[in-house]
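Coordinate inspection notes
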Amino acid sequence: MGTELLTAEWIKLRSVRSTYLSLAAAAVLVVTVALSVATTTADDWAAMDPRDRSSFDPVSAPLFGAIFAQLVIGVLGVLAVSSEYSTGLIRTTFATTPQRRKVLLAKVAVTTALALVAGGVILGATFLLSQGIMANGHGGVSLSDPGVFRAVTYAVLYLVIVTVLATSLGAITRSTAGAIAVLFTLVFLLPQVLDHLPQNLRHDLMRFGLQRAAASAVSIHPQVDTFSPTVSILVCATYAAVALALALFLIGRRDA
Amino acid sequence: MIEVTELTKRYGRVTAVDGLTFTVRPGRVTGFLGPNGSGKSTTLRAILGLETPDAGAALVDGRPYRTLHHPLHHVGALLDAGAVHPGRSARAHLTALAVAGRIDRRRVGEVLEQVGLGQVAHKRAGEFSLGMRQRLGIAGALLGDPPVVLFDEPVNGLDPEGILWIRHLMKSLAAEGRTVLVSSHLMSETALTADHLVVIGRGRLIADTGVEAFLREHGTSQVHVRSPARSALAGMLRARGATVEYEGSKTLVVTGLTVDEIGDLAARNGLPVHELMARQASLEDVFMDLTRDSVEYQGTHDGN
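Residues numbered from 1 in each chain as written. Chains lettered and ligands numbered in written order. Predicted model: local features only at pLDDT ≥ 70, side-chain atom pairs only at ≥ 80, totals over all residues.

**A few points about the overall build of chain B**
- A count of helices and strands for chain B gives ten helices and 14 strands.
- Projected onto the principal axes, the alpha-carbon positions of chain B cover approximately 80 × 45 × 40 Å.
- Sequence-distant contacts in chain B: of pairs separated by 6 or more residues, those separated by 24 or more amount to 68%. (Helix = DSSP H or I, 4+ residues; strand = E, 2+ residues; numbered from the N terminus. Contact = placed C-beta atoms within 7 Å.)

This is how it looks when you write it as structure tokens:
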């Protein structure tokens, strides 16, 4: 690809405040929720019903805040593209690099790398923090327990996938509001629609919804009406891959 | 050199550019004139490979823009002064541009000084005035030291000092042998800087000529005559083949005869004349006349 495009996009990303604000907001959200869930669980653990104990997921429950953090990180990906359309900067960008697909791939690579690093640090630290609070027989687990490392890794991977999806949506819609609306629809509304289908369809289709697939991927207990964690994360990745393919297809054909 | 050949661009049913052909040569400033909505910006975007023409071609140094290697070294463009992220500093904006365009980062400091933004390079572009953003856009256009430069309405928002600065800049760029194309909807401003004019209206070519030749051909002069006997004088002038219009209560506007001819005619017939004044049609008038039929959005006359 040529590293100059990656460098240029990285300069753009780190030279605006919204990048730092998004990451800080994501971190605060995730950590706050985790602290709350972990302390409550640790306090209540001794008095909890055995059935509640066994259904409690010590990985995904404290990481519940990531459901909101994915939107914040997603906005970062959306803005990397849509802000250039809203200001007209995209014309300067394309005049500088007429190979538009390379420009988009560089943007996706840079936002995704940032999501990977930031997501890894935020979710990894939050996991360790919450398990520390729930340790010593208060519901906590360790990374070496079955499925735990996979669940944490998939949680980070899911953030990365949402970033690819969001950045692609920015290029497809060429509008900040439009991209965020579509992202919101795919993450929250489409699963709701699937959830209200007739029983037989619902049973087959719900597992394709992003929310449920993500829940399956980051859970250490098997979930009903879902694929296995690995197939589920692949389902999520398919959303991002389709969006990216569509964005790459459109970006070369439309006028800037 | 820029060659535009039979360029046509449609948006749905609207034809923005219609079979446009012209050449922009190096070593002089070419003014690209047309009313708002006449297709100037569309043409510039087509030259930069941002829009795909429906027919025809636009070539830079004989090649389509999109096939140029590291195009910022060939062409610099100011398209829209607002085209900067408001949260990004002038220096960061230009640095990203330089890196992507494979231009030495040292050029960033040089062009910032050149356009007079050296002191505010660290400030966020959102805090800039329109004039400062124009200068930042021009800095971006000059970054690759390109032999071809395009400026879309560069004097918009500039203060008088800034306007003088950009006139001087464009002339010096042309004097260095570069190809300079400057679009504007202001004829008088363009005439002060340009050596050559390309005038378009409704996406079609109206004139492609030198500024002086353009004025010679289109600069019809009128004579204003103030006379208490203007009706009698008007009849005599018309008999000599002049076009006469009434203006106010005492004045005639005469086209087709010189001041000398009108003065002699009045004297021979003993008609009093209180004022006799030649008035060169302004560039704006010529331009308005030429493009009147091709103005896309015309206001309604107010009846006067």
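**A word on the overall build of chain A**
- Along the backbone of chain A there are eleven helices and zero strands.
- In chain A, the order of α-helices and β-strands from amino to carboxyl end is α-α-α-α-α-α-α-α-α-α-α.
- The C-alpha atoms of chain A give a radius of gyration of 20 Å, which matches the 18 Å a tight globule of 256 residues would have.
- C-alpha atoms of chain A, sized along the principal axes, occupy 65 × 45 × 30 Å.
- Considering only contacts within chain A whose residues lie at least 6 apart along the sequence, 78% involve residues at least 24 apart. (Rg over C-alpha atoms; globule rule 2.2 N^0.38 Å.)

**A short note on the interface of chain A and chain B**
- Contact with chain A, which involves 23 residues of that partner, is made by 28 residues of chain B.
- If you list the elements that add at least two residues to the side of chain A that touches chain B, you get helix H1 (3-14), helix H2 (17-44), helix H4 (66-87) and helix H5 (89-96) of chain A.

**Observations regarding the confidence of the model for chain B**
- Mean pLDDT over chain B works out to 90, with 94% of the residues at or above the 70 mark.
- The ipTM, which scores confidence in the relative placement of chains, is 0.90 for this predicted complex, and the corresponding pTM is 0.86. (pLDDT = per-residue confidence, 0-100.)

**Looking at the sheet that holds strand S9 (residues 196-201) of chain B**
Residues and elements named next belong to chain B.
- The strand order S6-S7-S8-S3-S9-S10 describes an open sheet built from six strands, whose pairing is mixed. With partners counted over all chains shown, the strands left at the sheet margins are strand S6 (75-78) and strand S10 (204-210), one partner each. Neighbouring strand axes in the sheet, compared pairwise and without regard to direction, differ in orientation by 15° on average.
- Relative to S9, strand S3 (residues 28-33) runs parallel, the two being bridged by four bridges. Directly across from Gly 31, in S9, lies its bridge partner Leu 197.
- Each of S3, strand S7 (148-152), strand S8 (179-184) and S9 is contacted by helix H1 (residues 40-47), which is oriented at about 150° to S7, the strand it contacts most. (Pairing = 2+ DSSP bridges. Axes fitted to C-alpha atoms, helices over the stretch in contact; angles between N-to-C directions.)

**Here's the deal with the UniProt feature "transmembrane region" (unreviewed entry) in chain A**
Residues and elements named next belong to chain A.
- The positions that UniProt labels "transmembrane region" (unreviewed entry) are, in the present scheme, residues 20-39, 59-82, 103-128, 148-169, 176-194 and 231-251.
- Here residues 59-82 runs as 71% helix and 0% strand, with 34 Å between its end C-alpha atoms.
- The distance from the first to the last C-alpha atom of residues 103-128 is 37 Å, and the span holds 100% helix and 0% strand. (UniProt positions renumbered as here; feature names shortened; annotations may be inferred.)

**Description of the sheet that holds strand S1 (residues 2-11) of chain B**
Residues and elements named next belong to chain B.
- With antiparallel pairing, four strands are arranged side by side in an open sheet as S2-S1-S4-S5. Strand pairing shows two members of the sheet lacking a second neighbour, strand S2 (14-24) and strand S5 (63-64), which therefore form its edges.
- Summarising the sheet, S1 and S2 pair through seven bridges and their orientation is antiparallel. By the bridge assignment, Lys 9 is partnered in S2 with Val 17.
- Strands S1, S2 and strand S4 (55-60) of the sheet are contacted by H1, whose axis makes an angle of about 115° with S1.

**Structural notes on the packing of H1 of chain A against helix H6 (residues 100-133) of chain A**
All names here are of chain A.
- The N-to-C vectors of H1 and H6 enclose an angle of 55°; their axes lie 9 Å apart at closest approach. When the axes of H1 and H6 are compared, the pair comes out oblique. You can see that H1 and H6 cross each other, and the crossing is right-handed. The segment H1 lies against H6, with Leu 5, Leu 6, Glu 9, Trp 10 and Leu 13 engaging Lys 102, Val 103, Ala 106, Lys 107, Ala 109, Val 110, Thr 111 and Leu 114.
- Looking at the contact of H1 with H6 residue by residue, the classes come out as nine nonpolar, one polar and three charged. (Parallel < 35°, antiparallel > 145°, perpendicular 65-115°, else oblique. Left-handed = near helix turned anticlockwise from the far one by under 90°. Nonpolar A, V, L, I, M, F, W, Y, C, P; charged D, E, K, R; others polar.)

**Here we look at the pairing of S8 of chain B**
Residue and element names in this part refer to chain B.
- Most of S8 is tucked away: six of the six residues are buried.
- The alternating pattern of S8 places Thr 179, Leu 181 and Ser 183 and Val 180, Val 182 and Ser 184 on opposite faces, both of which are buried.
- Sheet analysis places S3 next to S8, joined by six bridges and oriented parallel. The residue of S8 that forms the bridge with Gly 31 is Val 182. (Buried ≥ 20, exposed ≤ 12 C-beta atoms within 10 Å, placed from the backbone.)

**What about the environment of Thr 96 of chain A?**
- Inspection of the secondary structure puts Thr 96 of chain A in helix H5.
- Residue Thr 96 of chain A is classed as buried on the basis of its C-beta count, with 25 C-beta atoms lying within 10 Å.
- Each residue touching Thr 96 of chain A, except ones within four places of it in the same chain, is listed here: Pro 71, Leu 72, Leu 97, Ala 100 and Gly 101 of chain B.

**Focus on unusual backbone geometry**
All names here are of chain B.
- A positive phi angle is found at Glu 6, which is not glycine, with a value near 50°.
- Assignment of secondary structure puts Glu 6 in strand S1.
- Positive phi outside glycine occurs at His 70, with the angle close to 50°.
- You can call His 70 partly exposed: it has 14 C-beta atoms within 10 Å.

**Some points on helix H8 (residues 230-239) of chain B**
Residue and element names in this part refer to chain B.
- Looking only at H8, the buried set comprises Arg 230, Leu 233 and Leu 237. Viewed along the axis of H8, the buried residues span an arc of 60°, placing them on a single side of the element. Facing away from the buried side of H8 by more than 90 degrees, the exposed set consists of Ser 231, Gly 235 and Ala 239.
- Looking at the buried positions of H8, the neighbouring elements they touch are strand S11 (221-226), strand S12 (243-247), strand S13 (251-255) and helix H9 (259-268). (Arc of directions from axis to C-beta.)

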